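Take a look at the letters that make up each chain.
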Amino acid sequence: MTAPRAATDSRAAFPPAFRWGAATAAYQIEGAADEDGRTPSIWDTFSRTPGKVRNGDTGDIAADHYHRMREDVALMAGLGLTDYRFSVSWPRVQPTGRGPALQKGLDFYRALVDELLAAGIRPVLTLYHWDLPQELEDAGGWPARDTAYRFAEYAGLVAEALGDRVPTWTTLNEPWCAAFLGYAEGVHAPGRTEPEAALRAAHHLNLAHGLAVGVLRELTRPSSEVLLSLNLAAVRPLSGGRADAEAARRVDALANRVFLDPVFHGRYPRDLISDTAPLTDWSFVEDGDLRIVSRPVDGLGINYYTPTVVGAGSHPLPSPWPAAHDHVGFVPAPGPRTAMDWPVDAGGLYELLVRLRDELPGTPLLVTENGAAYDDYADPAGAVHDPERIAYLRAHLEAVQRAMAAGADVRGYFLWSLLDNFEWAHGYGKRFGLVHVDYATQRRTPKDSASWYADVVARGGLPPK
Ligand code: IFM
């Protein structure tokens, strides 16, 4: 790995120990959907259902990382990454979601981890990035309490196999998406539109997290870090008026405090419980659950892309916001957009980091995802020019620096994503990678942003404009 050089301007430098990473997820890059005993996850089922994913795309082949893992680790080493965040596919390791592990699945992840360690890259392993074994969904999915215990068992299998060599573990990635896009709005797998079930799912995901923290503490090295990654919403009221503030409060409860409060404070927010009273009395939260959910973690991962502007109003159903559709309207933020039509606004990342500085003192923070999709293509000379992505990344890294200067304890930044990949319901049309993937040939071409990011990593800070 290239030794860090000083950023040219000391104001542009990050601390020497700052972690510079990139992130991916199993279903989005691995492919090999039916190989070596892997069985379908909810995303295999969902993407093979006509009309659910744009263009009928599936993760069957994806970026073929299962077969190109060594080439991909070499790309990371070329970028000088200090860390790589990936997820384990539950149905590759424990196909039915119950019982013993499948050795071939574990072997793949052990080989990946060893390849990373040999390249001097720290593995950051996420246990759940949305690919629930289909058999567990058939038994009720996340709205069923037993799924949390199945997750703890699966966490144990992975920890037994890799606990001696993986230093950083993340239990869940973006449980908000798993619960609310999957079970309330239905635009993610498993595609259910049952708002009460989505609230149950959120609690069972929190319980699964807490159970897994306990398992990881037992089966991994004492020095291991255990985190979870939340896609917190930078919620902004449309105006300073009371009605808009009330809409923002409601969304903050459903997007942020539904996870932050039980995990860090061992309680669900009172306002969340009363807002959702028309749907549930929350009796699915059993005695002792919150002690498990709030087992101490070593830090928090934040995934951030764009702010959420809300005002008093309404929005259509089905919606990912249980009991909020006739209280809250969503307003597009102004400014330039990415190919996802998401407004570019790095201020939201600053706002979140500073909020967490105040609300979770003593909790180290990692930006575990941040990045942008643009309509990238290889030009006739084979180059991929993506100046908008470079501008996006620079603005967001500057926001991280501002937050750190204001006292936020941010320890690292993981760019989403290393490779172009399967962008869930959007299929392959949305490209988030530092490295362009030609899906017909699986040829990898580092984009201009890849050399820019490699320079950031090498100098430990932002280059001059
Ligand atoms: O691709 C996703 C990722 O799987 C989770 N966080 C957001 C990314 C971009 O939508």
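Residues numbered from 1 in each chain as written. Predicted model: local features only at pLDDT ≥ 70, side-chain atom pairs only at ≥ 80, totals over all residues. Heavy atoms only, no water.

1. Description of the pattern of salt bridges
A side chain with one charge may pair with a side chain of the opposite charge, provided their charged atoms come close.
Then step 1. Enumeration according to the criterion identifies 46 salt bridges in this entry.
Then step 2. With its nearest N and O atoms 2.8 Å apart, the salt bridge here joins R257 to D271. Of this pair, R257 sits in helix 10 (residues 242–265) while D271 sits in helix 11 (residues 270–275), and the two are 14 residues apart along the sequence. You'll find R257 and D271 in the same group, each marked buried.
Then step 3. The salt bridge involving D420 is made with K447; its shortest N-O contact spans 2.7 Å. Within this pair, whereas D420 is found in the loop between strand 11 (410–416) and strand 12 (435–438), its partner K447 is found in the loop between strand 13 (443–446) and helix 15 (448–459), the two being separated by 27 residues in sequence. (Salt bridge = Lys/Arg side-chain N within 4 Å of Asp/Glu carboxyl O. Helix = DSSP H or I, 4+ residues; strand = E, 2+ residues; numbered from the N terminus. Buried < 20%, exposed > 50% of the residue type's maximum accessible area, 1.4 Å probe, protein only.)

2. Considerations on the packing of helix 3 (residues 65–79) against helix 5 (residues 103–118)
Then step 1. With their axes 10 Å apart at the nearest point, helix 3 and helix 5 run at an angle of 15 degrees to one another. Here helix 3 lies roughly parallel to helix 5, going by the angle between them. Here helix 3 and helix 5 pass one another in a crossing that is right-handed. Contact with helix 3, carried on its side by H65, Y66, M69, R70, V73 and M76, involves K104, F108, A111, L112, E115 and L116 of helix 5 and no other residues of that element.
Then step 2. Taken together, the residues that form the contact of helix 3 with helix 5 break down as eight nonpolar, one polar and three charged. (Axes fitted to C-alpha atoms, helices over the stretch in contact; angles between N-to-C directions. Parallel < 35°, antiparallel > 145°, perpendicular 65-115°, else oblique. Left-handed = near helix turned anticlockwise from the far one by under 90°. Contact = heavy atoms within 4.5 Å. Nonpolar A, V, L, I, M, F, W, Y, C, P; charged D, E, K, R; others polar.)

3. Considering the layout of surface pockets
Then step 1. Approximately 1,300 Å³ is the volume found for the largest pocket.
Then step 2. The wall of the largest pocket is formed by 44 residues, among which W176, L181, N231, T306 and W342 lie closest to the centre.
Then step 3. Where the lining of the largest pocket is concerned, the elements lending two or more residues are helix 8 (175–185), strand 8 (308–312) and strand 9 (328–331).
Then step 4. Ranked by residues supplied to the lining of the largest pocket, first place goes to helix 8 with four residues.
Then step 5. A class-by-class count of the residues in the lining of the largest pocket yields 27 nonpolar, eleven polar and six charged. (1 Å grid on protein atoms, 1.4 Å probe; cavity = no way out; pocket = protein on both sides within 12 Å on 5 of 7 lines; lining within 4 Å. Points joined across faces, edges and corners; volume = space filled by probe spheres on them.)

4. Focus: the environment of A144
Then step 1. Residue placement: A144 occurs in the loop between helix 6 (134–138) and helix 7 (146–162).
Then step 2. Linking A144 and V297, residues 153 residues apart in sequence, is a C-alpha distance of 25 Å.
Then step 3. Not counting residues up to four positions away in its chain, the partners in contact with A144 are A139 and H204.

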